[in-house]
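# Structural overview for review
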Amino acid sequence: MKRYFLTIIFILVMALTAGAVSVQAFSRDEVLYAGRLRENGDADYAMTPASWMQGTVPYTPDRYLRAGASSDRVGNGGCSYFAAAYMLLKMGQLDIRSGEDPITVLDKMEAVKGWLTWGKMDYERIDEAYPAVTCHGYKVRFSSSDYHRQVEELRQLTEEGYFIICCLDGAYSNGHYIFIDEILDDDDLVIGDSAYEGTNWSDTHGPLGGYLVDYSIFTCRGVKPADTDSIYTCNRDEKLSPEAVQAYREKKASIVTSRDMGKSRRKKEENAET
């Protein structure tokens, strides 16, 4: 009960102060220490994109993607909304300091029935919920299956002013959506990923044999990728220290582990009942 009231108080304070704060990604110190402000919960940490985990952070295990219709739940099919949330945050269209998060995106798209089969987000209708944002290409196939050539294609698109969401396949995930936050000189990708560990392609998808399948590209009125901050740090010239990145990865890994252990426990309980 105490934890519940602390969460409510925190949300009210954030709502009252949000009007005086500009929309931007969190600073390095905020990323480092968000979630450590209260030892009794993860409400503060949940505000940072570093912690978003579909179905778990924000906690929405039973939320369906399509209201009143058969669909996936957020936990097993919400990646398209989370990828869009990372992108909208980078664009300055999602204000996490006022309490907005990936479920806000789901709510807004639900209001316009902006979904596809099984509730996946219809990117071509994103402008109905976010008028400043336009989709210029949906599920465009890469011109090459070679990873490094694909990265060059993404780099060129970014330089042309497009924000990019990619769909990937792999031995462990098919049709999973991630946001391309930054493209590094060594061809690694800084990504927004709501289902697996890490901030980079090289953390999980590269080592486990994931591969890029297609991409969707977007523009935002008055904003270009080159003019924006990373979703993980407020200042592009002041990157997160190795210690900060490692702390984040450990935190997200613990969330992934807890989620997977919960799934395993529920599966055993279901099997025991049958």
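Quick caveat: nothing in here was measured; it's all calculated off a predicted structure.

Rules used throughout
Residues numbered from 1 in each chain as written. Predicted model: local features only at pLDDT ≥ 70, side-chain atom pairs only at ≥ 80, totals over all residues. Heavy atoms only, no water. pLDDT = per-residue confidence, 0-100. Helix = DSSP H or I, 4+ residues; strand = E, 2+ residues; numbered from the N terminus. Contact = heavy atoms within 4.5 Å. Pairing = 2+ DSSP bridges. Axes fitted to C-alpha atoms, helices over the stretch in contact; angles between N-to-C directions. Core = buried A, V, L, I, M, F, W, Y, C linked by side-chain atoms within 4.5 Å. Buried < 20%, exposed > 50% of the residue type's maximum accessible area, 1.4 Å probe, protein only. Polar contact = N/O pair within 3.5 Å; in protein donor to acceptor, adjacent residues only side chain to side chain.

## Observations concerning the confidence of the model for the chain
Residues with a pLDDT of 70 or more make up 66% of the chain, whose mean pLDDT is 77. When pLDDT is averaged over each helix and strand of the chain, the minimum, 37, is found for helix α2 (residues 28–33) and the maximum, 98, for helix α6 (residues 147–159). Confidence drops under pLDDT 50 across residues 1–45; counting only partners more than four residues distant or on other chains, this segment forms 64 contacts. Across residues 234–240 the pLDDT falls below 50, and counting only partners more than four positions away or on other chains, this stretch makes 22 contacts in the model.

## What about the sheet that holds strand β3 (residues 174–183)?
If you trace the five strands from one edge of the open sheet to the other, you get β1-β5-β2-β3-β4, paired in antiparallel fashion. In this open sheet, the two strands that pair with only one neighbour each are β1 (133–141) and β4 (189–192). Sheet twist, expressed as the average angle between the axes of neighbouring strands with direction ignored, equals 35°. In this structure, β1 lies alongside strand β5 (residues 211–220), joined through six bridges in antiparallel fashion.

## Considering the environment of S145
As for its placement among the helices and strands, S145 is situated in the loop between β1 and α6. Sequence separation between S145 and V213 is 68 residues, and the spatial gap between their C-alpha atoms is 8.1 Å.

## Re the nonpolar core
One finds M87, L94, V105, Y123, V133, I165 and F218 to be the most contacted residues of the largest nonpolar core, which totals 39 residues. Sorting the residues of this core by element identifies α4 (79–91), α5 (102–111), β1, β2 (163–169), β3 and β5 as the ones contributing at least two each. Here this core gets 11 residues from one element, more than from any other, and that element is α4. What I165 contacts, discounting residues up to four positions off in sequence, is A83, A84, M87, Y123, Y177, I178, F179, D214, Y215, S216 and F218. Formed by 16 residues, the second largest nonpolar core is a distinct cluster that contains I164, I178, L212 and I217.

## Considering α5
Residues of α5 that are buried: P102, I103, T104, V105, L106 and M109. The secondary structure elements touched by the buried residues of α5 are α3 (74–77) and α4. Where α5 starts, the residue carrying a side-chain oxygen 2.8 Å from the main-chain nitrogen of I103 turns out to be D101. Within two residues after α5, K113 carries a phi angle of roughly 55°, on the positive side.

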